[in-house]
Every structure is written in C-alpha cells, then in structure tokens.
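# Survey of secondary and tertiary structure
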Amino acid sequence: MNSRETLKINEKGHLEIGGCDCVELAAKFGTPLYVFDEKYIRDMMRVYRDTIAKEYGGNGLVLYASKAFSCMAMYKIAASEHIGVDVVSGGELYTAVKAGFPADKIYMHGNNKLKSELEFAVEAGVGTIIVDSYDEADMLDELCAARSVKQKVLIRINPGVEAHTHAFVQTARTDSKFGFSVSDGTAEKMTAYILKKPNLELHGYHCHIGSQIFEKQSFVLAAQKAMDFIAAVKNDCGFEADTLNIGGGFGIWYTDEDAKIDVKGYAGYLEALIAAVKEKAEEHSLKQPFLLIEPGRSIVGEAGITLYTVGAIKDIPGIKKYVAIDGGMFDNPRYALYQSKYTVLLANRANDACTEKVTIAGKCCESGDLIAVDVPLPAAKRGDIAAVLSTGAYNYSMASNYNRNFIPPAILVNEGRAEYIIKPQTYEDLVRNDVVPESLK
Ligand code: PLP
C-alpha cells in the first residue's frame, strides 16, 4: 500500500485507517466520506518542527499551508503542535481565528488580496503578510497608518527555479502570476519600495517553487538563490533580511509511480535545505535567517482517504469499464484539473486480487468527471466500498456543490475513535442563500 503506518488490512479483509474499519465507517457515517488520520497529520507536523529544532537551533517555524485542507479542527491540531499556519483568503483566516489560532503565528498570502481581507488581517493582528504587488503595499501601508500599527511583511520573490511538476502547480518561474522576479531586478526594486513605507516592517522574503516536487535539489537551489539574493540586496541597499520563507511543495505518494517517503524521509528534505541556507550564510557573511517552510500536501495528503459506494457499472467491450461511485469532481476535481492519478482499493475486499482495469467515474453531468482512469481493481459490484487513497490535500478544499451535490462530511480517526470534523450538508444548506426575488413570486 502506501507509505503510511496506520493504513492496513484487518483480519476481515477490510481496509483500516487509524484503527477504524472503513466498512464500518461507511456504514456509520455514509458515503462519500473524507477520512483523516490524526496521527499521520501530527507525525508530519512534528517531524518538520523537530528538524528545525534539531538542525537549526529552533530558529524557524513550520507553517501548515492550510489551503491544502482548511477547517477548524486542522487549526486546532496545528496550534496544539505549536506550529504556525499560512492562509490565503479571508475565509481561511476567519476559520483560523474562529478556531482560536494564535494570530501572531498566521502568515497571509495571496497574489490579489482584497482590501477587505487586508483590513481583516491587520485587525486580527496577523503576524506577517506576504506582499505580492505594489498596490497591495500601498493599500496595506494606508490601512496600517489609519490604525497606527506597523505590519511585519515579507516580499514574495521568484528565484527562477524550474521544478519538475505540473505546469499549473509551478509557481516560481519568471512568468508567474506570483511574486517578483530576482533575475530581472523587480524583486530588488520592490524591496526599495517597501523599505520606504513607514508602516510596513520588512523582514525578508518568501518563495514557493511549486507543489508535488520530489527532487531535493529543487528546494536546495531555491534556498541557495534566495540567499544569494539576500546577499545582493544587502550589498546594493544595505538591507539584510532576517527571515526567509522557502514555501512548501514536498511530494507525496499517490500511486506507485511516486516515491514512498516515510515520515522521517521528509526530515531529509528539510535537512538539505537547512544545510544550504547555513552554507550560503557563511559564504556571504550573513546572519542565519529565521527559516520558515510551508508544507501543506505532505502534512495532510496521505493522511486522508475518501470512501465511496460503488453504483452503476458500465462495460463497453474492448473500450473501457466504468465503475461509477457516489462522489465525483464535486468532492475531488483533481483529475479534471490536472489528470491526477490515484490508487483505488475496494475497502470491503481489500485482499482480493486486482483482475481488471477500470475507470472510476463520478456522478456529475460531465464526461471529464473521473477520479482515476484505467486503474487495477478486483471485479467491482454495486454496494462495494471504494477507497481512494491520498485524498487529504486539495480535495475537500477544492470541493464544490456542482450539480447541487453535497460536499461530503469529514471525520478524524485515531486509535479506533472516529469523530466528525466537518458535518454533512443537507438539502436545506443547498438553498440557504438562494433568494426568490419579488419579481418571481
Ligand atoms: N505555500 C504557498 C505560497 C503555496 O502556494 C502552496 C501551494 O500552492 C503551499 C505553500 C503548499 O504547497 P504544498 O501543499 O505542495 O506543500
């Protein structure tokens, strides 16, 4: 199976996660159902946190990139593990604040933050805002002036590292809607601009090279380029950054085409990064910056699975066999967006040999509403419980009510305990904000 310790097949031949039998979970909570393994999430947060403590004297902070999966329980878990979070919208910020997350450990991103979002961030006392445009800098400075506060900021830069991943999740090329390029001088110009803003306190830089990246060297290169840039800025305008945020992006296992990295293996990524930052600090006679990383997918991706009930089966001889499930692109749009690959099991017959290749189709009115194409599976029949693995990241957070389907509920499992962290929606929820205007009555 995958690289997780708590995903196993029990004596009944059922898939088990966090000590809970998936068939029993499906019977108790219904399907589709997102299931999150609390131990895996905590283990990942701890391994990053402890590596910064051990290898970098604690001079840094792990931020959980909550865009991967945002709900109040996740901010509670992150707070209890004494890590920070990054948020990218007023909605994520609201969820973190509502969960009582310490505001000083919240970092706010976004390439087009709304004025209302910046106001909310300043009023909530968000620790650091990562500035991504000139007018954002102007707006933020004015908002701070009106409130007589100073706001800590970082600038998002593009170090120009090409990561080997899907083009839509590469973010640090010169041609990107994010950040200021190091190579063409715009990042340095932005630095000079922000330094003149009386209400903004510039601490350093942020970069994020992309997502689902396995090559250590890509992260090392980004860190090296960012440190070279810090040195160049120090030489040119005397400003020495004291903070460097390297972003997230560590890859996870979806299918056997991906590497399986155990919890400790991820420490290796961070160790390599830290070594590069230390070396460059020495080379350029810089202080070692406060180091931030922002893993999202690697904290929560493999911690999650989605359970579905198999429905209609359509065999088109010589072409394809479609196995339809009671979910689809409304709970997992990643195949439709990126042709992402997944591993699928039958949770109620997890030991059965895979005898055919099938395509797992959703129930939406779209031909592209697929979850996994040509995947091995035992002969499935109506009523089987299908488990799609590694769905913890960017599934719930990208879900929608397309076709007025329900966004599935989510549960947290640990040592045989299973609790809701997101309740099921009802038909009433779907029409809650609908208005029939007078003209139609
Ligand atoms: N930080 C930033 C700025 C991002 O844009 C993202 C993802 O897009 C992340 C962190 C998290 O990346 P990942 O989930 O791949 O670790």
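Look above for the structure.
What comes next concerns the included structure. This one's a predicted model, so the numbers in the text were calculated from it and none came from an experiment.

### What to know about the site of the ligand
Neighbouring the ligand are 15 residues; Ser211, Gly249, Glu294, Arg297 and Tyr394 lie closest to it. Take Glu294: an N or O atom from its side chain is 2.6 Å from a nitrogen atom of the ligand. Arg297 places a polar main-chain atom, nitrogen or oxygen, 2.7 Å from an oxygen atom of the ligand. For the ligand, whose unbound accessible area comes to 400 Å², protein coverage reaches 91%. Applying the majority rule of atoms within 2 Å of the grid points places the ligand in the largest pocket.

### Here we look at helix α7 (residues 186–195)
Three or more residues of α7 are buried, namely Ala187, Met190, Thr191 and Ile194. Along α7, the residues classed as buried sweep out an arc of 105° about the axis, all on the same side. Tucked inside the fold, the buried residues of α7 contact β8 (128–131), α6 (134–147), β9 (151–158), β10 (180–181), β11 (200–206) and α8 (216–237).

### A closer look at the packing of aromatic side chains
Here the distance between the centres and the angle between the planes together describe a pair of aromatic rings. As enumerated under the stated definition, the model contains 17 aromatic pairs in all. Relative to Tyr266, the ring of Tyr48 has its centre 6.3 Å away and its plane inclined at 70°; by these criteria the two rings are edge-to-face. Of this pair, Tyr48 sits in helix α2 (residues 38–56) while Tyr266 sits in helix α9 (residues 265–283), and the two are 218 residues apart along the sequence. Taken as a pair, Tyr48 and Tyr266 share a single burial class, namely buried. Measuring from ring centre to ring centre gives 5.3 Å for Phe250 and Tyr269, while their planes differ by 45°; the resulting arrangement is tilted. Placement of Phe250 in the loop between β12 (243–245) and α9 and of Tyr269 in helix α9 is noted, with a sequence separation of 19 residues between them. Residue Phe250 is classed as buried on the basis of its relative accessible area of 1%. Using a relative accessible area of 6% as the deciding quantity, one classes Tyr269 as buried. Linked through ring pairs, Tyr48, Phe219, Phe250, Tyr266 and Tyr269 together constitute an aromatic cluster.

What counts, and where the lines are drawn
- Residues numbered from 1 in each chain as written.
- Predicted model: local features only at pLDDT ≥ 70, side-chain atom pairs only at ≥ 80, totals over all residues.
- Heavy atoms only, no water.
- Near = heavy atom within 4 Å.
- Polar contact = N/O pair within 3.5 Å; in protein donor to acceptor, adjacent residues only side chain to side chain.
- Areas by Shrake-Rupley, 256 points an atom, 1.4 Å probe, with all protein chains shown as cover.
- 1 Å grid on protein atoms, 1.4 Å probe; cavity = no way out; pocket = protein on both sides within 12 Å on 5 of 7 lines; lining within 4 Å.
- Sits in = over half its atoms within 2 Å of the grid points.
- Buried < 20%, exposed > 50% of the residue type's maximum accessible area, 1.4 Å probe, protein only.
- Helix = DSSP H or I, 4+ residues; strand = E, 2+ residues; numbered from the N terminus.
- Arc of directions from axis to C-beta.
- Contact = heavy atoms within 4.5 Å.
- Phe/Tyr/Trp six-rings, centres within 6.5 Å; stacked < 30°, edge-to-face > 60°.

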